[in-house]
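# Structure at a glance
Now for the letters of each chain:
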Amino acid sequence: MTSLVVALAALVVVGGGKALPPAPVRAGARTATAHPTVVGAFITYHARSRVFDIGNGRMARRIRVSEDGSDFATVSLRSLPSGVECLAGPQRDFAVTIGGRSYTTGSGSLRYVRHKTSSDRRGSQQLRMYLQPLHDDGASAPFELSVVYEVGKDAPSMQTWVEVENLGPAPVLVDYAATQLTTVTPDAAYVWRRGGRPASVK
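Counting from 1, residues in each chain are numbered in the order their sequence is written. At least 70 in pLDDT is required for a residue's local features to be given in this predicted model, at least 80 for side-chain atom pairs to be given and counted, and no such filter applies to totals for whole chains, interfaces and linings, which use all residues. Hydrogens and water molecules were not included; the side-chain quantities draw on all heavy atoms of the structure.

## Brief notes about the environment of Q125
Strands here are runs of E lasting at least two residues and helices are runs of H or I lasting at least four, both read from the DSSP assignment and numbered beginning at the N terminus. The topology assignment puts Q125 in strand β9 (residues 125-133). Through-space distance from the C-alpha of Q125 to that of A41 is 6.0 Å; in sequence the pair is 84 residues apart. In what follows, residue pairs with any heavy atoms lying within 4.5 Å of each other are defined as contacts. When neighbours within four sequence positions are excluded, Q125 is seen to be in contact with A41, F42, I43, S118, S119, Y149, E150 and V151.

If you want it as structure tokens, here you go:
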């Protein structure tokens, strides 16, 4: 069995969001500085609502999985210092084409199976969601796909990439993959760029 890591996108924040107005301060009062209440990176899973929260003191992302596991998406992306919400609606975090078939969230082509979390010595946290490819003809795909979200201890950014594990003897062709690197500023301005290239998993 062989694994391929596909990490192909970059994001650059250029600002441009509208800053929040300052809170009124009484005469003679000391000006308070807002600090994030969260320290370090975190990942939580709420089994009853099937919701993941991942972030750090700078940003927080919420991922919701449908009841039957056939759909999941980022439903919230917030700047924690300002409390500003970045998203106007659910965000699809990746798309990949393998062997001529397209797989993405919201299309009924993938089912959430399980997840795993891990951390490293730098204080980064990683959420790995394992996904089962679904075909209309009922055929089983000879590979397993996982999407990985990684957040640093204190950086206002989060990487997302796709990994493919070949479960069969024949090579698997990854025709296209689109992933992202997300950065959130205090005023919640952000942009991203996606891309991909062919690769083979033997």
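Next comes the rest of the write-up.
## Looking at the layout of surface pockets
Its volume calculated, the second largest pocket comes out at about 160 Å³. Put plainly, a pocket is an open set of points on a 1 Å grid over the protein atoms alone with protein on both sides within 12 Å along at least five of seven lines, a cavity is a set where a 1.4 Å probe fits but cannot get out, and a lining residue has an atom within 4 Å of a point. Lining the second largest pocket are 14 residues; nearest its centre among them are Q132, P133, L134, S140 and A141. Sorting the residues of the lining of the second largest pocket by element identifies β8 (110-119), β9 and β10 (143-151) as the ones contributing at least two each. Per-element accounting of the lining of the second largest pocket gives the leading share, three residues, to β9. Grid points are joined across faces, edges and corners, and a volume is the space filled by probe spheres set on the points.

## A short note on the pattern of salt bridges
Salt bridges are defined by distance alone: a side-chain nitrogen of Lys or Arg within 4 Å of a carboxyl oxygen of Asp or Glu. Taken as a whole and judged by the stated rule, the model has five salt bridges. Between R62 and D53 there is a salt bridge; the shortest N-O distance is 2.8 Å. In this structure D53 comes out as buried when scored by relative accessible area, which is 13%. Note that E163 and R128 form a salt bridge whose closest N and O atoms lie 2.5 Å from each other. Here R128 lies in strand β9 and E163 lies in strand β11 (residues 157-166), a separation of 35 residues in the sequence. For each residue, the accessible area found with a 1.4 Å probe, counting protein chains only, is set against the maximum for its type, and the residue is called buried under 20%, exposed over 50%, and partly exposed in between.

## Brief notes about the nonpolar core
For our purposes a nonpolar core is just a set of buried Ala, Val, Leu, Ile, Met, Phe, Trp, Tyr and Cys residues, chained together by side-chain atoms within 4.5 Å. The biggest cluster of nonpolar side chains holds 33 residues, and the ones touching the most others in it are F72, F94, I98 and M129. The biggest single contributor to this core is β10, with five residues. Excluding its chain neighbours within four sequence positions, the residues that come into contact with F94 are F72, Y103, T104, T105, L110, L131, L145, V147, V162, A178 and T179.

## Topic: the sheet that holds strand β2 (residues 42-46)
Strand order across the open sheet formed by four strands is β2-β3-β4-β5, with antiparallel pairing between neighbours. Sheet topology places β2 and β5 (72-79) at the edges, where each strand pairs with a single neighbour. Pairwise comparison of adjacent strand axes, ignoring direction, gives a mean angle of 15 degrees for this sheet. Following DSSP output, two strands are said to pair if at least two bridges run between them. Here strand β3 (residues 51-55) runs beside strand β4 (residues 59-65); their pairing, made up of five bridges, is antiparallel. Counted as the bridge partner of F52 is I63 from β4. Between N-to-C directions, angles span 0 to 180 degrees; the directions come from axes that are lines fitted to C-alpha atoms, helices contributing only their stretch in contact.

Scope: geometric values only; no functional claims are made or implied.
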